[in-house]
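# Per-entry structural report
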Amino acid sequence: LQAMTDEFGGTDTPLGRAVALQSRRWASALASALADRAHDRAEAETLAIALLALLQGARALAKARRSTDPFDAVTHHARRCIPRCDGCPPGQARA
């Protein structure tokens, strides 16, 4: 995604629109998976976008540092920030 975004992101071309659409699909799929951990769909969507941005940044740092430490940091903080909810109904996230 990063290479395609660098080249075509923000452009009004078929590839630019495809990159934008795919990034929205990824965020939507992740938001659906996070729905039971958020207060509502809007919060799940915001959380999904934040996680994708964190992971994309971690990818760049991991490559530059030749280390998985950035992914470890994202994982650590995501686990602390995302409410745990094992089997609770949507909108009923536990802290």
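Right above here is the structure, for reference.
Residues numbered from 1 in each chain as written. Predicted model: local features only at pLDDT ≥ 70, side-chain atom pairs only at ≥ 80, totals over all residues. Heavy atoms only, no water.

## Digging into the overall build of the chain
Helix and strand counts for the chain come out as 4 helices and 0 strands. Counting the 95 residues in the chain, one finds 18% classified as buried. Put simply, 36% of the contacts in the chain that link residues at least 6 apart link residues at least 24 apart. Total accessible area on the chain stands at roughly 6700 Å², and carbon and sulfur atoms take up 58% of it. (Helix = DSSP H or I, 4+ residues; strand = E, 2+ residues; numbered from the N terminus. Buried < 20%, exposed > 50% of the residue type's maximum accessible area, 1.4 Å probe, protein only. Contact = heavy atoms within 4.5 Å. Areas by Shrake-Rupley, 256 points an atom, 1.4 Å probe, with all protein chains shown as cover.)

## Some words on the nonpolar core
Formed by Ala31, Leu34, Ala38, Ala44, Ala48, Leu51, Ala78 and Ile82, the largest nonpolar core amounts to 8 residues. Put simply, the parts of the chain that give this core at least two residues each are helix H2 (14–34) and helix H3 (41–65). Ranked by the residues each element gives to this core, the list is headed by H3, at 3 residues. (Core = buried A, V, L, I, M, F, W, Y, C linked by side-chain atoms within 4.5 Å.)

## Focus on helix H4 (residues 69–81)
With 13 residues, H4 extends 18 Å between its outermost C-alpha atoms, agreeing within 8% with the 18 Å of an ideal straight helix rising 1.5 Å per residue. Taken as a whole, H4 has its buried residues at Pro70, Val74 and Ala78. Angular distribution of buried residues about the axis of H4 spans 65°; they occupy a single face of the element. In H4, the exposed residues that point more than 90 degrees away from the buried face are Arg79 and Arg80. Check the buried side of H4 and you find it contacts H3. (Expected span 1.5 Å × (residues − 1). Arc of directions from axis to C-beta.)

## Overview of H3
Between its first and last C-alpha, H3 extends 36 Å over 25 residues, near the 36 Å set by a 1.5 Å rise per residue. Where H3 is buried, its residues meet H2 and H4. One or two positions beyond H3, positive phi appears at Arg66, with a value near 55°.

## A look at the environment of Ala35
Along the chain, the position of Ala35 falls in the loop between H2 and H3. Each C-alpha atom of the pair Ala35 and Ala48 lies 9.7 Å from the other, and the pair is 13 residues apart in sequence.

## Looking at the pattern of salt bridges
The tally for this structure, following the rule as stated, stands at 2 salt bridges. Arg17 is paired through a salt bridge with Asp12; the nearest N and O atoms lie 2.7 Å apart. Classification of Asp12 by relative accessible area gives exposed; the value is 66%. Across the pair Arg41 and Glu45 runs a salt bridge whose closest N-O atoms are separated by 3.0 Å. Of this pair, Arg41 and Glu45 both sit in helix H3, 4 residues apart, which is roughly one turn of the helix. (Salt bridge = Lys/Arg side-chain N within 4 Å of Asp/Glu carboxyl O.)

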